[in-house]
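Residues per chain are reported as follows:
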Amino acid sequence: MTETATPVEPVSMATVAIADGGTAAEEIQSDPCFTIEIECEDATRRRYRFEPRQERPGWWRSVDEWTGTSWECHDRECVRSVSLTVDGGSII
């Protein structure tokens, strides 16, 4: 599993835990886009994307599934807020 932040206008630093046990310092903006990718027991690959909404407060949460050649969006909804923590430490 990999967590990535996509910086647009970086204004701060965050330490992000990597699945292999390492960490990486990432520059992120105050409302970064980020993706969490997983592989399920049945070998299905999914990713959860969080992107700040441009026209209103809140976030878009998308659930994508890998088709073997590309990502296909299966669900998308607007959420009020997002909190991301790793090992008890708040990232967002």
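Presented here is a report on the structure given in the accompanying data block.

Calculation rules
- Going along each chain's sequence as written, the residues are numbered from 1 onward.
- In keeping with the model being predicted, local features are shown solely for residues with a pLDDT of at least 70 and side-chain atom pairs are shown and tallied solely at 80 or more, while totals for entire chains, interfaces and linings include all residues.
- By convention in this description, side-chain values take in all heavy atoms of the structure and omit both hydrogens and water.
- A strand pair is defined by DSSP finding two or more bridges across the two strands.
- Strands are runs of DSSP state E lasting at least two residues, helices are runs of H or I lasting at least four, and both sets are numbered from the N terminus onward.
- Each Phe, Tyr or Trp ring (for Trp, its six-membered ring) is paired with any other whose centre lies within 6.5 Å, and the angle between the two planes then decides the class: stacked below 30 degrees, edge-to-face above 60, tilted in between.
- Exposure classes here rest on a 1.4 Å probe applied to the protein chains alone. A residue is buried below 20% of its type maximum, exposed above 50%, and partly exposed in between.

**Topic: the pairing of strand β7 (residues 71-79)**
Then comes step 1: For strand β6 (residues 59-66) and β7, the ladder comprises eight bridges, and the chain directions are antiparallel. Bridge assignment links Val63 to a residue of β7, and that residue is Asp75.
Then comes step 2: If you look at the hairpin formed by β6 and β7, you'll find four residues sitting between the two strands, and Gly68 has a positive phi there, around 110°.

**Thoughts on the packing of aromatic side chains**
Then comes step 1: This structure, assessed with the given rule, holds three aromatic pairs.
Then comes step 2: Between Phe34 and Phe50 the ring centres are 4.9 Å apart and the planes differ by 15°, which places this aromatic pair in the stacked class. Of this pair, Phe34 sits in strand β4 (residues 33-39) while Phe50 sits in strand β5 (residues 45-52); the two residues are 16 residues apart in sequence, bridging distant segments of the chain. Summarising the burial analysis for this pair, Phe34 and Phe50 share the class buried.

Geometry only, nothing functional implied.
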